[in-house]
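Single-letter residue listing:
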Amino acid sequence: MGWGDMEPRNSSTADRSDTCFGVFNASDGRDTAQNSITSPWFSTAFGLIGLCSNLFALCVLLSSSRKLSSRARSSFLVFLCGLVVTDFMGLLVTASVIIPYHFIKFTWAKVDPGCHLCNFLGFSMVFFGQCPLLLGATMAGERFFGINHPFSRSTSISKRRAWSIVGLVWGFSCLLGLLPVLGLGRYTLQYPGSWCFLTLLPDTGNIIFCLLFALLGIFSVLLSFIFNTVSVVTLCRVYHDRESVQRRRDSEVEMMVQLVGIMIIATICWMPLLIFIIQTVLQQLPAGGNQLQLLPPETQKMLLIYIRMVTWNQILDPWVYILFRRAVLQRVYPSLRPRPSILSLYPVLNPSLRRKLTAD
């Protein structure tokens, strides 16, 4: 990674090492590279596309939720709605700071000498970054229990309870984002000076917070993978079952297709950044008492590239729901017809239990 190429910090850097402005040298003569990498039109286009996509998906979700009578499907739409709202607000909040910087090129040290805006932007990056991963794992867990234990009343989630779970995810992500404000780690300005994020420098607090953020994200992705894999295997087994081949659970298949799409997008967009964070902080562990005070230029640029990949997650998530709905798929494949879904996973049941469930 080129750690040994770093120059010793000068007096100005030393004065700023304990603030949010000391991670990279903003005046190191890389203006040409900076202009080529961080075009304001690039960030503006990303922001507008993402905002419009999530707003459109939110309108479709609200329209669909009014027509549903299925409790499982309605609770799933609540989680999807929470995901879309999170992505929309994340793009709106971060773009409102980052895009003006690209056009105005204001000096952070003058505009935000107390690092309040930087801390808020860093908190937003962590909060709106971790929420989709946790919501994806929550949705995968809900579908896992809904498909594999469909007759347990504990797996029936009302809309109110689903919104409570979304609120808990938001609350947990909020507490995680507040840790640097409470003293664990630091939010610092990142290359090219337009955004703030967790600090990848070899300080004990920074290392703990970086590892906590990255490992929690990786755990969420892996948990989603495990839950979704088991659910897909269960559905495939039922789909090819001789007794139930004509009674496919279209609603469950639709939800799983959307969940798998969300999981694949999250994995591709997030895993490179999360792995990069872990590798960077572990490679920087101080040896012999020598600690880096500035991030190497290569690390700064790679971090920016990985953050750009993460932005695609917020843009693509809503299109998974928009495109992979039965209404859309039936237009592409007219042979797809809705079939009865209730009890199709378990065609052989006790008659009294079947009558009771049907009545419910």
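Residues numbered from 1 in each chain as written. Predicted model: local features only at pLDDT ≥ 70, side-chain atom pairs only at ≥ 80, totals over all residues. Heavy atoms only, no water.

- Under an unreviewed UniProt entry, the name given to the protein chain is Thromboxane A2 receptor, and the source organism is Cepphus grylle.

**Remarks on the overall build of the protein chain**
Move 1: Across its full length, the protein chain carries 12 helices and 2 strands.
Move 2: The N-to-C order of helical and strand elements in the protein chain reads α-α-α-α-α-α-α-β-β-α-α-α-α-α.
Move 3: Buried residues in the protein chain amount to 49% of all 360 residues.
Move 4: By sequence separation, contacts in the protein chain at least 24 residues apart represent 83% of the contacts at least 6 residues apart.
Move 5: Only carbon and sulfur atoms are counted for the fraction: they give 65% of the accessible area of the protein chain, which is about 17,700 Å². (Helix = DSSP H or I, 4+ residues; strand = E, 2+ residues; numbered from the N terminus. Buried < 20%, exposed > 50% of the residue type's maximum accessible area, 1.4 Å probe, protein only. Contact = heavy atoms within 4.5 Å. Areas by Shrake-Rupley, 256 points an atom, 1.4 Å probe, with all protein chains shown as cover.)

**Some remarks on the environment of Leu178**
Move 1: Tracing the backbone through its elements, the reader meets Leu178 in helix 7 (residues 159-182).
Move 2: Residue class for Leu178 comes out partly exposed when judged on its relative accessible area of 31%.
Move 3: With 58 residues separating them in the primary sequence, Leu178 and Phe120 have C-alpha atoms 9.4 Å apart.

**Let's talk about the side chain of Asp87**
Move 1: By the secondary structure assignment, Asp87 is in helix 4 (residues 71-104).
Move 2: Assessed through its relative accessible area of 0%, Asp87 is described here as buried.
Move 3: Sequence-distant contacts of Asp87, defined by excluding residues within four places in its chain, comprise Asn54, Pro132, Asn313, Gln314 and Asp317.

**Points about helix 10 (residues 297-323)**
Move 1: For helix 10, built from 27 residues, the straight-helix expectation of 39 Å at 1.5 Å per residue is met to within 8% by its first-to-last C-alpha distance of 40 Å.
Move 2: Along its length, helix 10 shows its largest kink, about 30 degrees, at Ile315, and proline Pro318 lies within four residues downstream of that point. (Expected span 1.5 Å × (residues − 1). Bend = angle between axes of the 7 residues up to and from the residue.)

**Thoughts on the state of the cysteines**
Move 1: Scanning the entire structure with this criterion turns up 1 disulfide.
Move 2: Between Cys118 and Cys196 runs a disulfide, and the two sulfur atoms are separated by 2.0 Å. Classification of the bridge connecting Cys118 and Cys196 rests on its S-S torsion, roughly -120 degrees, and on that basis the disulfide is left-handed. Here Cys118 is found in helix 6 (residues 116-148), whereas its partner Cys196 is found in strand 2 (residues 195-198), with 78 residues between them in sequence.
Move 3: Judged by relative accessible area, Cys118 falls into the buried class, the value being 0%. (Disulfide = S-S within 2.5 Å.)

**Observations concerning the pairing of strand 1 (residues 187-190)**
Move 1: Relative to strand 2, strand 1 runs antiparallel, the two sharing 4 bridges. In the sheet register, Thr188 faces strand 2, and the bridge partner there is Phe197. (Pairing = 2+ DSSP bridges.)

**Some points on the UniProt feature "transmembrane region" (unreviewed entry) in the protein chain**
Move 1: Per the UniProt annotation, the sites labelled "transmembrane region" (unreviewed entry) are residues 41-64, 76-101, 121-141, 162-185, 205-238, 259-282 and 302-324.
Move 2: Annotated as 100% helix and 0% strand, the span residues 259-282 places its first and last C-alpha atoms 33 Å apart.
Move 3: Between the end C-alpha atoms of residues 302-324 the distance is 33 Å, and the span holds 96% helix and 0% strand. (UniProt positions renumbered as here; feature names shortened; annotations may be inferred.)

**Re the packing of helix 3 (residues 40-65) against helix 10**
Move 1: Where helix 3 contacts helix 10, the two axes come as close as 8 Å, and the packing angle between them is 30 degrees. As judged from the angle between their axes, helix 3 and helix 10 are roughly parallel. As for how helix 3 packs across helix 10, the hand of that crossing is left-handed. On helix 10, the residues touching Phe42, Ser43, Phe46, Ile49, Gly50, Ser53, Asn54, Phe56, Ala57, Val60, Leu61 and Ser64 of helix 3 are Arg308, Thr311, Trp312, Gln314, Ile315, Pro318, Trp319, Tyr321 and Ile322.
Move 2: Of the residues in the contact of helix 3 with helix 10, the class split is 13 nonpolar, 7 polar and 1 charged. (Axes fitted to C-alpha atoms, helices over the stretch in contact; angles between N-to-C directions. Parallel < 35°, antiparallel > 145°, perpendicular 65-115°, else oblique. Left-handed = near helix turned anticlockwise from the far one by under 90°. Nonpolar A, V, L, I, M, F, W, Y, C, P; charged D, E, K, R; others polar.)

**Let's talk about a nonpolar patch on the surface**
Move 1: Residues Phe56, Val253, Val257, Trp319, Leu323 and Phe324 make up a contiguous nonpolar surface patch of roughly 480 Å² in combined accessible area.
Move 2: Mapped onto the nonpolar patch, the elements with two or more residues apiece are helix 9 (250-283) and helix 10.
Move 3: Mapped onto the elements of the fold, Val253 is located in helix 9. (Patch = residues over 30% accessible without salt bridge, like charges linked within 9 Å, V, L, I, M, F, W, Y side chains within 5 Å. Salt bridge = Lys/Arg side-chain N within 4 Å of Asp/Glu carboxyl O.)

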